[in-house]
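Letter by letter, the chains look like this.
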Amino acid sequence: MKEQDNNSFTFSFSYMIYRLHENFSINKILDLIKRVNLTNESTTLQVLNPKYIISNRQLEIAIYQTITAFHSNENRARDKGTELLLRLSGYRQIKKALKIFGIEDKSEYIMFIGFGDSEEEINKNLIEISEKMGTNVKDSITQLPVSNAEILKEYYNCNDIAIIEKAAIEKIATLKFCLLYTSPSPRDLSTSRMPSSA
């Protein structure tokens with residue numbers, strides 16, 4: 001999927017979702033993602049638990065926030081994959097984001113997501129990861145969400161299924177505004193807070 005923002009930069013993203021089964025080694029998955037990310041500067045791959053992902057729009061906004069955070073040096077994480085988890089979760093702490101969107105042995109589903117400049121490169125990387133994991137691209141789940149409405153209502157604290165996507169997007173926005181109001185301004189950094197010795 002190709003997206004363009006108002007500041008005239010474009011990005012693409014794509015994903016594959018699979019049921020997690022005993023043949024999937026989480027350590028192997030994380031190692032594969034790490035190796036692919038080290039060899040690609042224009043794309044980022046991440047693996048996550050899609051349990052609370054509502055829609056493509058939610059992913060698009062979280063990816064946009066991730067990319068703009070790195071462009072403006074407002075990122076909390078060292079890498080874009082981890083920053084994406086922070087943006088999706090709405091939390092500033094990586095540990096909390098991993099608890100919600102990180103994969104673990106008891107996860108039911110696994111999502112491989114790629115984003116960056118080249119849709120072709122992203123898809124090539126996703127297919128490569130899929131093949132190395134012994135899965136068939138045709139077995140990929142393409143419909144979001146993967147969780148039932150009750151799980152999503154509870155997580156997003158929302159009784160109306162029709163507005164859950166809005167609640168998910170508000171979580172992403174909450175983190176952006178939280179960071180804006182808690183980050184020191186350049187002016188604050190340039191003045192000393194030490195009492196004068198006079």
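For the structure itself, consult the block above.
Residues numbered from 1 in each chain as written. Predicted model: local features only at pLDDT ≥ 70, side-chain atom pairs only at ≥ 80, totals over all residues. Heavy atoms only, no water.

Okay, the packing of aromatic side chains next. Under the criterion given, the structure shown has four aromatic pairs. Here Tyr 18 and Phe 112 contribute two aromatic rings whose centre-to-centre distance is 6.3 Å and whose plane-to-plane angle is 65°, an arrangement assigned as edge-to-face. Remark: Phe 112 occurs in strand S4 (residues 109–116) and Tyr 18 occurs in strand S2 (residues 10–19); sequence separation between them is 94 residues. Each of the two residues, Tyr 18 as well as Phe 112, counts as buried. For the ring pair Tyr 52 and Tyr 155, a centre distance of 3.9 Å and an interplane angle of 20° mean the geometry is stacked. Here Tyr 155 lies in helix H6 (residues 149–155) and Tyr 52 lies in the loop between strand S3 (43–48) and helix H2 (56–71), a separation of 103 residues in the sequence. An identical accessibility class is assigned to Tyr 52 and Tyr 155; each is buried. Over the ring of Phe 70 we find Lys 80, and its NZ or CZ is 5.8 Å from the ring centre. (Phe/Tyr/Trp six-rings, centres within 6.5 Å; stacked < 30°, edge-to-face > 60°. Helix = DSSP H or I, 4+ residues; strand = E, 2+ residues; numbered from the N terminus. Buried < 20%, exposed > 50% of the residue type's maximum accessible area, 1.4 Å probe, protein only. Lys NZ or Arg CZ within 6 Å of the ring centre and 35° of its normal.)

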